[in-house]
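Residues per chain are reported as follows:
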Amino acid sequence: MTMSLFRHVDSIGHRRHPVAKLLALPLLFVAPLAFNDPLWALGMLLLTFVIVLASAALPNVGRVVGLGAILLVMSTLLWALMLPEREPTWTLGPLCASPTSVMYGLAMGLRLNALLLLGVAYVSCTRPEEFTWALRRIGVPATATLALSLTFRLAPMLSGTAYTVTQAQTARGLDLRSGGLFTRIARYVPLIVPILAYAMRSADDVTRALESRGLGAASSGRTEYHEYRWDAGDTLLLVGALALAAGAIWLRASGLGEIVGRL
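These numbers were taken from a predicted model, which means no experiment stands behind them.

Q: Kindly report on helix 2 (residues 18-34), identifying the contributing residues and their values.
A: Taking 1.5 Å of rise per residue, 17 residues should cover 24 Å, and helix 2 covers 26 Å from first to last C-alpha, within 8% of that figure. Approximately 30 degrees is the largest bend angle found in helix 2, and it occurs at leucine 25, with the proline proline 26 only one to four residues beyond. All of the buried residues along helix 2 are Pro18, Val19, Ala20, Lys21, Leu22, Ala24, Leu25, Leu28, Ala31, Pro32 and Ala34. Check the buried side of helix 2 and you find it contacts helix 1 (12-15), helix 3 (38-54), helix 5 (99-125), helix 6 (128-137) and helix 10 (232-253).

Q: Residues and numbers for the packing of helix 3 against helix 5, please.
A: Two numbers describe how helix 3 lies on helix 5: the axes approach to 8 Å, and their chain directions differ by 10 degrees. It follows that helix 3 is roughly parallel to helix 5 by the angle criterion. Of helix 5, the residues touching helix 3 (which contributes Pro38, Ala41, Leu42, Leu45, Thr48, Phe49, Ile51 and Val52) are Met103, Leu106, Ala107, Leu110, Asn113, Ala114, Leu117, Leu118 and Ala121. Considering only residue class, the contact of helix 3 with helix 5 consists of 15 nonpolar, two polar and no charged.

Q: Just give me the short version of the environment of serine 101, but keep the residues and values in it.
A: As for its placement among the helices and strands, serine 101 is situated in helix 5. For serine 101, a relative accessible area of 1% corresponds to the buried category. For the pair formed by serine 101 and threonine 89, sequence separation is twelve residues and the distance between their alpha carbons is 9.9 Å. Reaching out from serine 101, the side chain makes a polar contact with the backbone oxygen of alanine 80 at a distance of 3.0 Å.

Q: Give me the lowdown on the pattern of salt bridges, citing residues and values where you can.
A: Under the definition given, this model contains seven salt bridges. Among the salt bridges present, the one from aspartate 234 reaches arginine 16, with a minimum N-O distance of 2.9 Å. With aspartate 234 in helix 10 and arginine 16 in the loop between helix 1 and helix 2, this pair connects stretches of sequence that are 218 residues apart. The salt bridge partner of glutamate 130 is arginine 127, with a shortest N-O separation of 3.4 Å. Judged by relative accessible area, glutamate 130 falls into the buried class, the value being 5%. One continuous salt-bridge network, built from bridges that share partners, spans Arg16, Asp231 and Asp234.

About the thresholds
- Each residue is numbered by its place in its chain's sequence as written, counting from 1.
- A pLDDT threshold of at least 70 governs which residues receive local features in this predicted model, and a stricter bar of 80 or more applies before side-chain atom pairs are shown or counted, although totals over entire chains, interfaces and linings include all residues.
- No hydrogens and no water enter the side-chain calculation; it runs on all heavy atoms of the structure.
- Helix and strand assignments come from DSSP, with helices taken as H or I runs of at least 4 residues and strands as E runs of at least 2, each series counted from the N terminus.
- The length a helix should cover is 1.5 Å for every residue beyond the first.
- What is called the bend at a residue is the angle between a pair of axes, fitted to the seven residues leading up to and ending at it and to the seven starting from it.
- Exposure classes here rest on a 1.4 Å probe applied to the protein chains alone. A residue is buried below 20% of its type maximum, exposed above 50%, and partly exposed in between.
- Only heavy atoms enter the contact rule, under which two residues are in contact if any of them lie within 4.5 Å.
- Axis angles are defined between N-to-C directions and span 0 to 180 degrees, where every axis is a line fitted to C-alpha atoms and, for a helix, only to the segment in contact.
- Just so you know how the angles are binned, under 35 degrees is roughly parallel, over 145 roughly antiparallel, 65 to 115 roughly perpendicular, and the rest oblique.
- Residue classes follow a fixed rule: Ala, Val, Leu, Ile, Met, Phe, Trp, Tyr, Cys and Pro count as nonpolar, while Asp, Glu, Lys and Arg count as charged, and any other residue, Gly among them, counts as polar.
- The term polar contact refers here to a pair of N or O atoms within 3.5 Å; inside protein, the definition further demands a hydrogen-donor-capable atom paired with an acceptor-capable atom, and it admits residues adjacent in sequence only when both atoms are side-chain atoms.
- Any carboxyl oxygen of Asp or Glu within 4 Å of a side-chain nitrogen of Lys or Arg constitutes a salt bridge here.

Just distances and angles here, no functional claims.
The following block contains the structure:
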């Protein structure tokens with residue numbers, strides 16, 4: 001069982017230079033973060049779908065659609081009820097909301113989904129090794145890049161451990177399917193201890209393996225097994241991402257895409 005989102009296909013995103021993708025990612029985050037009008041936020045979400053398609057990440061979107069729906073609903077509800085300094089239109093006991101607060105919450109949910117899709121697109125077309133290589137190329141120390149790259153493997157490791165423990169306990173007679181929702185959730189609680197124990201043991205094994213290979217012993221003169229070549233498409237990616245970020249900031253500064261000023 002694996003939760004790795006990287007797809008072994010050929011796409012525009014897969015062919016881009018690792019450094020170009022790493023530098024473009026935070027620039028692409030700017031546009032969704034710039035607007036709090038739901039119509040503009042929806043436009044940014046549709047734009048991220050273009051990036052998803054260019055990265056051949058569409059099959060992975062289905063794996064996070066549940067999370068995206070939760071983010072959208074919870075963001076809309078929380079901001080609708082908690083947006084400060086707004087005149088309430090609807091009241092229910094101590095709770096109050098207004099059309100502006102609901103629209104703002106919807107925009108925040110769309111914003112979070114746009115950021116989620118950008119992250120899915122990035123990990124769908126970027127191997128952990130490419131991520132590590134790019135970090136080293138921009139000057140991040142080798143030990144720090146290794147620690148960051150291991151985060152790519154954290155979710156698959158925990159998922160695989162949870163699956164193994166769950167199947168083992170089910171084989172021993174643990175019933176995780178019958179009963180109500182809260183009953184089933186309560187039956188998962190005893191599995192937390194063995195899952196964490198296995199995860200800590202795996203982390204210790206990784207540490208020993210890295211130490212045996214001399215991690216940290218060499219501070220300079222490192223070589224790379226694979227080198228990546230920069231081309232015009234990588235320059236175009238960075239220029240486009242920078243132009244999009246600058247345009248979004250200019251539009252927001254001009255008062256467009258805004259229904260609520262700075263809180």
